Structure formats: structure tokens, C-alpha cells
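Summary of structural features
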Number of protein chains: 2
Amino acid sequence: MSFFDPLKKALRKEGLRYTQQRQAVWDELRATDDHRDAEEIYLALRNSGFKVSRATVYRTIDVLVKNNLVRKLKLGDGHARFEHKVDSAHHDHLICAQCGKIEEFVDDVIETRQNKIVEELGSKLIRHIHQLFVICKECQTA
Amino acid sequence: MSFFDPLKKALRKEGLRYTQQRQAVWDELRATDDHRDAEEIYLALRNSGFKVSRATVYRTIDVLVKNNLVRKLKLGDGHARFEHKVDSAHHDHLICAQCGKIEEFVDDVIETRQNKIVEELGSKLIRHIHQLFVICKECQTA
DNA sequence: TATTTTATTGAGATTGAGTCTCAGAAAATA
DNA sequence: TATTTTCTGAGACTCAATCTCAATAAAATA
Ligand SMILES: [Mn+2]
Ligand SMILES: [Mn+2]
Ligand SMILES: [Zn+2]
Ligand SMILES: [Zn+2]
């Protein structure tokens, strides 16, 4: 709502208008800490009674990703997943190949080694993907 | 050709027949150490005069990936890439976001930390993806 | 080897996540 | 309010990948 509202700030920066649909998509993304796909966001909005189209959901998420309010994850199952970045530092993901549960991790040693590898090649690190596919504790005993 | 020919061994294990098309796809994959997509493999075969269909290229690569003769990479550009695993130990990838050049790296410290992270959660590591997107040395000065 | 059986192949249809189009709706501007 | 500009939504479209099924090739059998 305020002048520093991150959605409005992003829209201003992109020269885009503030709309109910864009607000609703952003609200829905912040409603959970899950890693949901576009269809789940779309259905959550529709089921809550809000009229919005898939096209607008995709378009709005693009803007949010571009402006660092949302992170896009590709876990290899054919549809991108999204998580909001409010109060969320960088982290990577650990995915159960059986039940699909997603956990998060950060490791300073790994981050440091990454930088070193890139530096030694004379390159400049832009972003990285680090995903650990596992069988989780629960799925092992099941 | 021999009894220990890895393609024939894989086909035997899967209960599949040995065919000219399957041999040709496997040969083409071993012809370079590049990270090519299915269309590039397909076109290389066609351009060399060998008649094969896209369907067979995709189907054969699936068998090779399943049997650890080929590694499948998803680098986020929408089409999977493949590399043969002959004389090739595990490694991860460093991709220039500008020119697309792919370099390989391995880091024992990272591999060890990965195992530790997974172990502490009581999970079992199946596979991992670690990709560093960079601007390479050449692209920085260009 | 010839015949029969079974798996493979290829051309093109299909799928599905994501993108695009464009007429109508909504917001900004005057 | 009237005019201009941007946004939205329904559905068409894209494209890598998968599927279909009649024709073909390999294996099994005689
Ligand atoms: Mn996360
Ligand atoms: Mn490689
Ligand atoms: Zn699990
Ligand atoms: Zn480069």
C-alpha cells in the first residue's frame, strides 16, 4: 500500500500500472512459503473467488521474477515453480524424488568454493542452480 | 561389437533388439565431447547420409540415459542436451549466459558438503544438479 | 534358408507448459 | 466527462517431446 510497497515499486520501475489482478497474484504468492507452479497459483485465486486468467498469472509472475520479488525454480518435472522472496535469503533446494517434498539449504563452504571455481576461470558468476535429489527420511521407512 | 559392447549390453538388459538406428545414435553421441540437443544429433545423422527419424533419436537417447551411457542436461533453454559418459567421471557445468559456452568442473569439497547436508537430514542422495551461470572471460572483454 | 512371429521404425498427429493476439475493459489524463 | 493508453481474458499458437499405428526389420522357428 505504501510508497515502498515492493509490488508498486516494481510496477513503477517497469512503467506498468497497478491493477487488482497484479495485486492478487502477488498476495497469493506471499500467502504460503510453498514452491507452487503457475497453475496452482491460478487455481488458488479462482477458488478464492477472484476472476483472473492464466495469461495474467504468467505475465504478472514474469514481472515479479524480473524484479527479484519471486524466485523461479525448474525442478525437471516440466513446469516451473515459484516462491516469494520476502524475508528469504538465498538458498538452494533438496527435493525428494519419491514424494516431491522440497527442503531448503544453504552452505557457506559451497558458496565460497563456487566463487573460487568461477574466479579461477576468469569468469563472473551471475546465478547458480544447486539441487539435491534424494529419498527423504520418511520415504525410506515407508 | 563385442559381448561387452555397452550399447548391446544395455539393449540386452532392457530386452530390446540391436538395430542400425540405435548403433548410429550411440556412435553419433560418442563422436564429440559436446553437449548437444536431440535435434543436433538428428541433423548430424541425416547430414552424414543416415536415414533415421526424430522419434527414434529421442527413443534411443532415453535408453542410453537410463543405462548410464549418456547424461541428460537441462540448462534452462528449453531443450535437453546430451553428452556421452565414455571415460567421463562425474562433473558439473559452468555455462556462459552470453555465448553459451559450457565448461566442466568437479570439486571434492562441494561433493563432500553435499553428502553431509543430505546425511544430516536423514535422506539418501540420488543425484544432483549444480550449474554455474557466468559471463566467461572472453565475453567480458568483448 | 524360408516362414512365422515379434519388435522397431518413421511420418505425422498429439500433448502440454508457456506465449501471443486482439477486442473489450479499466485506468490515467485532460 | 471524453479521450488516450494500458491491461485483461479467451482461446489460438508455439515448440520440444511423446505417442500412434501401418510398414519394415530383426529374431525365432521350421
Ligand atoms: Mn525455496
Ligand atoms: Mn559435461
Ligand atoms: Zn519423500
Ligand atoms: Zn561467453
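Residues numbered from 1 in each chain as written. Chains lettered and ligands numbered in written order. Predicted model: local features only at pLDDT ≥ 70, side-chain atom pairs only at ≥ 80, totals over all residues. Heavy atoms only, no water.

**Details of the packing of helix H2 (residues 20–30) of chain B against helix H3 (residues 38–47) of chain B**
Between two packed helices, what matters for the description is the angle formed by their axes and the separation of those axes. All names here are of chain B. Contact geometry for H2 and H3: axes closest at 10 Å, N-to-C directions at 110°. By the angle between their axes, H2 is roughly perpendicular relative to H3. Along its contact with H2, which presents Ala24, Val25, Glu28 and Leu29, the element H3 presents Ile41, Ala44 and Leu45. (Axes fitted to C-alpha atoms, helices over the stretch in contact; angles between N-to-C directions. Helix = DSSP H or I, 4+ residues; strand = E, 2+ residues; numbered from the N terminus. Parallel < 35°, antiparallel > 145°, perpendicular 65-115°, else oblique. Contact = heavy atoms within 4.5 Å.)

**Some remarks on the protein's contact with DNA strand C**
Not every one of the 18 residues close to DNA strand C is listed here, only the nearest: Ala80(A), Thr19(B), Arg22(B), Thr56(B) and Arg59(B). Put simply, 72% of the atoms of DNA strand C that lie within 4 Å of the protein are in sugar or phosphate. Between DNA strand C and the protein, one listed contact pairs a base nitrogen with a side-chain N or O atom of Arg59(B) at 2.7 Å. Secondary structure elements with two or more residues in the surface near DNA strand C: helix H4 (54–66) of chain A together with H2 and helix H4 (54–66) of chain B. (Near = heavy atom within 4 Å. Polar contact = N/O pair within 3.5 Å; in protein donor to acceptor, adjacent residues only side chain to side chain.)

**Focus on the protein's contact with DNA strand D**
Taken together, 19 residues lie near DNA strand D, and Thr19(A), Thr56(A), Arg59(A), Tyr58(B) and Ala80(B) sit nearest. Take the atoms of DNA strand D that sit within 4 Å of the protein: sugar and phosphate atoms are 72% of them. Contact distances for DNA strand D include 3.3 Å between a sugar or linking oxygen and a side-chain N or O atom of Gln21(A). Residue Ser53(A) places a main-chain N or O atom 3.0 Å away from a phosphate oxygen belonging to DNA strand D. Every element with two or more residues in the surface near DNA strand D is listed here: helix H2 (20–30) and H4 of chain A together with H4 of chain B. Its residues placed into classes, the surface near DNA strand D shows 7 nonpolar, 6 polar and 6 charged. (Nonpolar A, V, L, I, M, F, W, Y, C, P; charged D, E, K, R; others polar.)

**So, the relation of the copies chain A and chain B**
Note that the two copies of the chain are related through a rotation about an axis and a translation along the same axis. The transformation that overlays chain A on chain B combines an axial shift of 0.0 Å with a rotation of 179°, and the residual RMSD is 0.1 Å. In short, the pair behaves as if placed about a two-fold rotation axis. Residue His130(A), judged by its C-alpha, is the member of chain A lying nearest the rotation axis, at 2.2 Å. In this assembly, 100% of the residues forming the interface of chain A have copies in chain B that are likewise at the interface, indicating an isologous arrangement. (Least-squares fit on C-alpha atoms with pLDDT ≥ 70 in both.)

**Concerning the environment of Leu69(B)**
Residue and element names in this part refer to chain B. Tracing the backbone shows Leu69 in the loop between H4 and strand E2 (70–73). Sequence separation between Leu69 and Arg30 is 39 residues, and the spatial gap between their C-alpha atoms is 9.8 Å. Discounting residues that sit within four places of it in the chain, Leu69 has contacts with Pro6, Leu7, Ala10, Trp26, Leu64, His84 and Lys85.

**Considering the domain arrangement of chain A**
All names here are of chain A. Partitioning chain A into domains gives domain 1 (4–84) and domain 2 (92–141). Once you take the C-alpha centre of each, domain 1 and domain 2 turn out to be 24 Å apart. Facing 6 residues of domain 1, the contacting portion of domain 2 comprises 6 residues. Interface of domain 1 and domain 2: buried area, both sides summed, is about 490 Å²; carbon and sulfur atoms make up 61% of it. Considering only the surface of domain 1 that becomes buried against domain 2, His35, Leu73 and Leu75 emerge as the three largest contributors, covering 78% of it. If you look at where domain 1 meets domain 2, you find 0 salt bridges. Remark: the boundary between domain 1 and domain 2 carries 4 residue pairs in polar contact (both at pLDDT 80 or more). Residues that form the side of domain 1 that touches domain 2 fall into these classes: 2 nonpolar, 1 polar and 3 charged. (Domains from an automatic or database assignment. Buried area = accessible area lost by both parts, 1.4 Å probe. Salt bridge = Lys/Arg side-chain N within 4 Å of Asp/Glu carboxyl O.)

**Brief notes about the side chain of Glu111(A)**
Among the secondary structure elements, Glu111(A) is positioned in helix H5 (residues 108–120). Buried within the structure, Glu111(A) lacks any salt-bridge partner; Arg71(A) is the closest side chain of opposite charge, at an N-O distance of 9.9 Å. (Buried < 20%, exposed > 50% of the residue type's maximum accessible area, 1.4 Å probe, protein only. Lys, Arg positive; Asp, Glu negative; His and termini not counted.)

**Here's the deal with the pairing of strand E3 (residues 81–84) of chain A**
All names here are of chain A. A two-sided burial pattern is seen for E3, the buried positions comprising Arg81 and Glu83 on one face and Phe82 and His84 on the other. Here strand E1 (residues 36–37) pairs with E3 via 2 bridges, running antiparallel. By the bridge assignment for E3, Asp37 is matched with Arg81. Note: strand E2 (residues 70–73) against E3, 4 bridges, orientation antiparallel. Of the residues in E3, the one forming a bridge with Leu73 is Arg81. (Pairing = 2+ DSSP bridges.)

**Observations regarding the interface of chain A and chain B**
It is common to report an interface's size as the accessible area lost on association of the parts. Taken together, the contact between chain A and chain B spans 30 residues of the former and 30 residues of the latter. It is Ile117(A), Ile129(A) and Phe133(A) that lose the most area in chain A upon contact with chain B, and together they represent 18% of the buried surface on that side. Here chain A is connected to chain B by 2 salt bridges. With a shortest N-O distance of 2.9 Å, Asp107(A) and Arg113(B) are connected by a salt bridge. Applying the counting criterion to the chain A and chain B interface returns 16 residue pairs in polar contact (both at pLDDT 80 or more). Those elements that provide at least two residues to the side of chain A that touches chain B are strand E5 (102–105), H5, strand E6 (124–135) and helix H6 (137–141) of chain A. Element by element, the count of residues in the side of chain A that touches chain B is highest for E6(A), at 12 residues. Tallied by class, residues from the side of chain A that touches chain B come to 15 nonpolar, 8 polar and 7 charged. For E6(A) and strand E6 (residues 124–135) of chain B, the ladder comprises 11 bridges, and the chain directions are antiparallel.

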